[in-house]
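A closer look at the structure
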Amino acid sequence: MINIAFFIIAALTLGSALAAATNPKLMHAALSFAIAFVGVSTLFFWLGAEFVGLVQIFVYIGAVAVLIVFTILLTRREGEQLRGFNWSGVVVALAVFAGLVWSILKSPSMSILPPEVSPLTVKRIGEVLMSDYVWPLMGVGVLLTVALLGALILAMEDKRE
Amino acid sequence: MTLSILLMVSSALFCIGLLAALSRRHAIFILIGIEMMLAAANINFIAFWRYNAQPQPTGVIVAIFAIAIAAAEAAVGLALIIAIYRHYRTTNVDQLDRLKG
Amino acid sequence: MNAANVWLIPFAPLIASLSILLLGKSRRAIASAPAIAGQVIALTMSIFAFARTLRAPGYREVHNFVWFNFGDQSMQLGWMIDPLAAAMLLMITFVGLCIFVFSIGYMADDKHFTRFFAYLSFFSAAMLGVVIANSLLLLFICWELVGLASYLLIGFWIERPSAAAAARKAFITTRIGDMGFFLGILLLYHKSDTLLFYDNGHGCLENAGLLLLGASATAIALLIFCGAVGKSGQFPLHVWLPDAMEGPTPVSALIHAATMVAAGVFLVARLYPIFSAGAINGVTTSLTIVVWIGVITGLIAALIAVAQFDIKRILAYSTVSQLGLMMVSLGVGGVTAGMLHLLAHGFFKALLFLGAGSVIHGAHHEQDIRGMGGLRGAMPITFATYAAGMMALSGVPLVFCGAWTKEEILHAAWRWPVSHVPFYLVMLGVVLTALYMTRQMIYVFDGKRGPAAHESPRVMTTPLIVLAACTVVLSVFLTPAWPWLDHYLLGERAHVDLWKIFDQTILISLLLVGAGIGLGVFFYREALRGRRQDPFQTAQPALFRFLANRMWLDELYDYTVIRAARMLSRIADWLDRYFWDGLVRLVGLLGQLFGIITKTADERGINSGVDETTVGARGLGRVVSSAHSGQIQTYLGAIGLGMLALLLLYAWLA
């Protein structure tokens with residue numbers, strides 16, 4: 001039963017990701033991107049990392065997808081259709097995929113079943129973040145602040161012009 | 001359900017991201033592709049954590065940090081796209097070749 | 001105000017100084033306010049510090065801290081309050097305050113009004129730092145800051161060449177002494193491993209520290225005395241002090257009364273244990289030298305003062321002479337007498353200089369006493385206060401503080417076991433002091449009416465009145481009947497004994513001063529009725545010229561020290577030009593030769609190879625740059641393929 005759920009999630013995710021990558025209509029592609037990320041976060045739930053799944057939804061669906069849609073709207077020009085598609089990319093992507101699958105299948109240590117572990121609570125994550133990973137946490141905070149300011153400055157209208 | 005199947009799913013997602021980044025002309029889709037690749041990497045982190053009986057949730061933490069950094073990257077990247085668009089009036093990466101050697 | 005907080009006292013004027021500098025030139029109106037406020041705060045805190053020292057006789061409190069560590073040693077600084085420091089603090093802040101207030105009136109028209117007050121506050125801060133220092137190093141730092149401040153203030157009217165020259169002279173002359181001082185500090189540190197004065201028995205002025213010094217105490221004391229000689233204008237480094245009146249008159253008052261010159265005497269008094277280390281019957285080599293230097297200075301300066309015509313220059317030489325007197329007192333063992341004279345002198349000399357400033361201000365910047373005269377009517381307040389200062393300086397007994405301290409010094413000099421010559425010479429100095437002060441009074445205030453003059457404004461006369469009152473009030477604490485201040489500094493309790501007033505010294509003192517004033521009146525009064533020619537000059541023109549030209553000491557220095565220095569520099573210049581330069585040229589020639597050889601090798605051998613390489617690199621660069629299409633997706637694809645290759649490599653290796 002669980003396996004069936006996994007396959008449905010995986011198929012949904014990969015299908016909408018493929019749609020996002022290939023759909024010539026920009027808005028549709030952006031929406032497919034959002035669905036693909038819902039799929040990814042469901043996958044996280046399925047794997048027992050509920051917190052990461054929630055973060056994924058908040059960050060990607062709540063923020064990044066909205067940003068992307070905004071950017072599409074802001075940079076759209078009448079009469080211009082960016083439908084070009086570079087077929088050589090397909091070749092490279094397929095080659096990389098083949099390589100990855102081959103190496104996964106080649107390593108027998110990968111075909112294991114998940115062990116029984118106690119569920120990971122948010123409290124535990126919080127404790128770990130605030131103890132062992134407090135410096136990376138600070139660093140990420142600084143990074144986010146800098147990125148916020150940087151994005152603001154980049155996207156600001158240049159008044160001198 | 002073995003680990004290798006999960007890894008294959010994440011590999012597929014990664015390659016779809018790579019495809020988007022390599023093939024689409026629109027600059028935003030390069031960004032979307034990169035986000036997908038990062039998500040694939042996150043799936044790997046979570047999967048390795050889940051299939052490993054260690055008590056320390058390192059994989060989860062790394063995934064959280066990766067999401068935060070990806071968000072920052074998306075914000076800056078989109079701002080760059082807007083700035084580029086304002087400057088060159090295009091988002092077609094084929095036309096953005098000022099760095100040509 | 002305990003010892004740990006005593007640093008706030010110099011800190012207040014320092015902050016005032018900085019804040020005035022921040023004000024900028026335009027805020028003339030409020031520029032003096034921070035200076036006055038800083039001084040008032042310092043005065044208030046000094047009073048608290050003083051009150052603390054009254055708790056017990058000989059009260060001393062120190063606060064030491066580590067400034068920095070080097071290796072396993074640590075450099076400690078510290079501050080202290082003891083009776084000596086507290087009395088000096090009170091004197092400096094109070095007299096300083098009077099001078100500050102006076103300056104408001106005196107400098108009212110100056111265009112650098114704000115800068116002046118900033119410097120004044122800085123000067124005061126530096127001097128207060130000297131007084132509270134419990135470490136010779138801290139004292140030296142503040143000492144040099146005093147020197148800097150004096151340089152800035154003497155050269156305050158920088159546009160005048162004479163002021164700039166005087167500032168340089170003061171700075172360099174004191175620097176000569178400070179070099180000795182610094183060597184003394186180094187020697188002291190080498191011997192005793194500490195520069196703290198008092199440190200729970202480990203300081204260099206305490207018994208354990210003094211034992212470490214041993215025989216080198218004399219050398220250390222003499223080297224440190226060099227600094228005092230420079231700062232306090234002792235012979236042979238006194239030449240800067242009379243020139244220092246090129247600065248504004250309040251600055252002269254500050255230098256001569258409260259700060260700069262007091263520092264030297266204070267230094268000797270503070271380090272007295274080193275000077276007297278290993279004393280037999282209160283006599284050591286270093287103290288003997290101090291006595292003779294003091295005697296020579298006192299006498300020379302008093303003689304020169306008789307033949308000067310500049311009102312401030314006369315006072316300047318009187319300061320030098322009085323400082324010599326203090327040094328004599330310190331040297332013969334009368335430390336308290338010397339310090340008391342320093343304190344009393346601070347009050348009346350400030351009074352005299354401010355009075356002179358008032359006269360100059362009122363007489364339209366006339367400084368030559370021959371150009372004055374009859375100012376008594378025009379400037380009654382200045383006259384009265386100036387007379388009080390003059391009598392205090394001359395040592396008129398009973399109600400003027402200068403008299404009692406002078407008697408104390410005579411006492412001490414009399415008791416000196418080595419010789420009585422200093423005693424007689426000091427007596428001569430006292431007579432001369434009375435003489436030239438009488439001369440000055442007659443010239444300035446008496447006689448025929450000189451040019452039109454006006455009384456100074458209230459802001460200038462009030463400090464004069466206050467200081468004049470102080471010279472009288474202070475004498476209450478100084479009389480032998482109730483020598484409170486004396487015993488306060490000694491760390492004893494004072495007792496009232498009225499009969500002590502009528503000691504035989506008071507008769508001697510009265511006699512000396514009477515003689516001096518009488519002689520002055522006799523010499524000058526009659527002669528001044530009609531003409532402005534100095535009677536002494538007419539009687540002994542050669543001697544007068546000798547004295548008027550300051551015994552040609554400046555010229556002597558010009559011909560000896562400065563000429564020698566110039567000669568040395570000329571020799572050094574010649575050596576530089578011809579000898580060292582030749583050597584350098586030779587080396588240069590060798591380098592040139594080598595250069596020619598390498599150049600040939602370069603051009604013939606290496607260059608051709610390098611040329612080939614560059615041509616190849618350029619071609620390669622062209623090939624590589626064509627791969628840079630500027631297409632980001634191409635790059636990304638290349639990265640993807642590269643990753644795939646790596647992956648396959650790893651898989652194959654596994």
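Look up a bit, the structure's there.
Residues numbered from 1 in each chain as written. Chains lettered and ligands numbered in written order. Predicted model: local features only at pLDDT ≥ 70, side-chain atom pairs only at ≥ 80, totals over all residues. Heavy atoms only, no water.

What follows is about the overall build of chain A. Secondary structure summary: chain A contains six helices and zero strands in total. For chain A, the succession of helices and strands along the chain, N to C, is α-α-α-α-α-α. A buried classification covers 34% of the 161 residues belonging to chain A. A fraction of 53% describes how many contacts in chain A between residues 6 or more apart in sequence connect residues 24 or more apart. With an accessible surface of roughly 9,600 Å², chain A has 73% of that area assigned to carbon and sulfur atoms. (Helix = DSSP H or I, 4+ residues; strand = E, 2+ residues; numbered from the N terminus. Buried < 20%, exposed > 50% of the residue type's maximum accessible area, 1.4 Å probe, protein only. Contact = heavy atoms within 4.5 Å. Areas by Shrake-Rupley, 256 points an atom, 1.4 Å probe, with all protein chains shown as cover.)

What follows concerns the packing of aromatic side chains. Residues and elements named next belong to chain C. Summed over the entire model, instances satisfying the criterion amount to 21 aromatic pairs over all chains. Judged by centre distance (5.6 Å) and plane angle (45°), the rings of Trp574 and Tyr578 are tilted. With Trp574 and Tyr578 both in helix H25 (residues 553–627), this residue pair falls four residues apart, about one helical turn. As far as the burial class goes, Trp574 and Tyr578 line up, both exposed. Taken together, Phe116, Phe117, Tyr119, Phe156 and Trp157 form an aromatic cluster joined through their ring pairs. The lysine or arginine in question, Arg60, covers the ring of Tyr198, its NZ or CZ lying 3.6 Å from the ring centre. Of note, Arg175 hangs over the ring of Phe171, and the distance from its end group to the ring centre comes to 4.2 Å. (Phe/Tyr/Trp six-rings, centres within 6.5 Å; stacked < 30°, edge-to-face > 60°. Lys NZ or Arg CZ within 6 Å of the ring centre and 35° of its normal.)

What follows concerns the interface of chain A and chain C. In many analyses, interface size is given as the accessible surface area lost on bringing the parts together. Counting from both sides, the interface comprises eight residues of chain A and, opposite them, nine residues of chain C. Considering only the side of chain A, the residues that lose the most area to chain C are Val92, Val96 and Trp102 of chain A, jointly responsible for 49% of the buried surface there. Joining chain A to chain C, the criterion identifies zero salt bridges. At the boundary of chain A with chain C, the tally comes to zero residue pairs in polar contact (both at pLDDT 80 or more). Among the residues forming the side of chain A that touches chain C, the class breakdown is five nonpolar, two polar and one charged. (Buried area = accessible area lost by both parts, 1.4 Å probe. Salt bridge = Lys/Arg side-chain N within 4 Å of Asp/Glu carboxyl O. Polar contact = N/O pair within 3.5 Å; in protein donor to acceptor, adjacent residues only side chain to side chain. Nonpolar A, V, L, I, M, F, W, Y, C, P; charged D, E, K, R; others polar.)

Turning our eyes to something else, we now look at the packing of helix H4 (residues 113–132) of chain C against helix H5 (residues 136–154) of chain C. Residue and element names in this part refer to chain C. One can describe the packing of H4 onto H5 by two numbers: an axis separation of 8 Å at closest approach and a directional angle of 155°. Comparing the axis directions of H4 and H5 gives the class roughly antiparallel. Read as a crossing pair, H4 and H5 show a hand that is left-handed. Facing Phe116, Tyr119, Leu120, Phe122, Phe123, Ala126, Met127, Gly129 and Val130 of H4, the residues of H5 in contact are Leu139, Cys142, Trp143, Leu145, Val146, Leu148, Ala149, Ser150, Leu152 and Leu153. Taken together, the residues of the contact of H4 with H5 sort by class into 17 nonpolar, two polar and no charged. (Axes fitted to C-alpha atoms, helices over the stretch in contact; angles between N-to-C directions. Parallel < 35°, antiparallel > 145°, perpendicular 65-115°, else oblique. Left-handed = near helix turned anticlockwise from the far one by under 90°.)

Another point: the interface of chain B and chain A. The interface is formed by 69 residues belonging to chain B together with 79 residues belonging to chain A. Between chain B and chain A, a total of about 6,900 Å² is buried, with carbon and sulfur atoms accounting for 79% of that surface. Counting across the chain B and chain A interface gives zero salt bridges. For the pair chain B and chain A, the number of links is nine residue pairs in polar contact (both at pLDDT 80 or more). Residue composition of the side of chain B that touches chain A, grouped by class: 51 nonpolar, twelve polar and six charged.

So, about the pattern of salt bridges. Residue and element names in this part refer to chain C. Summed over all chains, the structure comprises eight salt bridges over all chains. For Arg175, the salt bridge goes to Glu144, with nearest N and O atoms at 2.8 Å. One end of the pair, Arg175, is in helix H6 (residues 161–192); the other, Glu144, is in helix H5, and 31 residues separate them in sequence. Accessibility expressed as a relative area gives 27% for Arg175, which makes it partly exposed. According to the relative accessible area criterion, Glu144 is buried, its value standing at 19%. Among the salt bridges present, the one from Asp178 reaches Arg175, with a minimum N-O distance of 3.1 Å.

Running from amino to carboxyl end, helix H6 (residues 134–155) of chain A crosses helix H3 (residues 58–88) of chain B at an angle of 10°, the nearest separation of the two axes being 9 Å. Between H6 of chain A and H3 of chain B, the angle is such that the two are roughly parallel. Relative to H3 of chain B, the crossing made by H6 of chain A is left-handed. Contacts between H6 of chain A and H3 of chain B pair Pro136, Leu137, Val140, Leu143, Leu144, Ala147, Ala151, Leu154 and Ala155 of chain A from the former with Phe65, Ala68, Ile69, Ala72, Ala75, Val76, Ala79, Leu80, Ala83 and Arg86 of chain B from the latter. Tallied by class, the residues present in the contact of H6 of chain A with H3 of chain B amount to 18 nonpolar, no polar and one charged.

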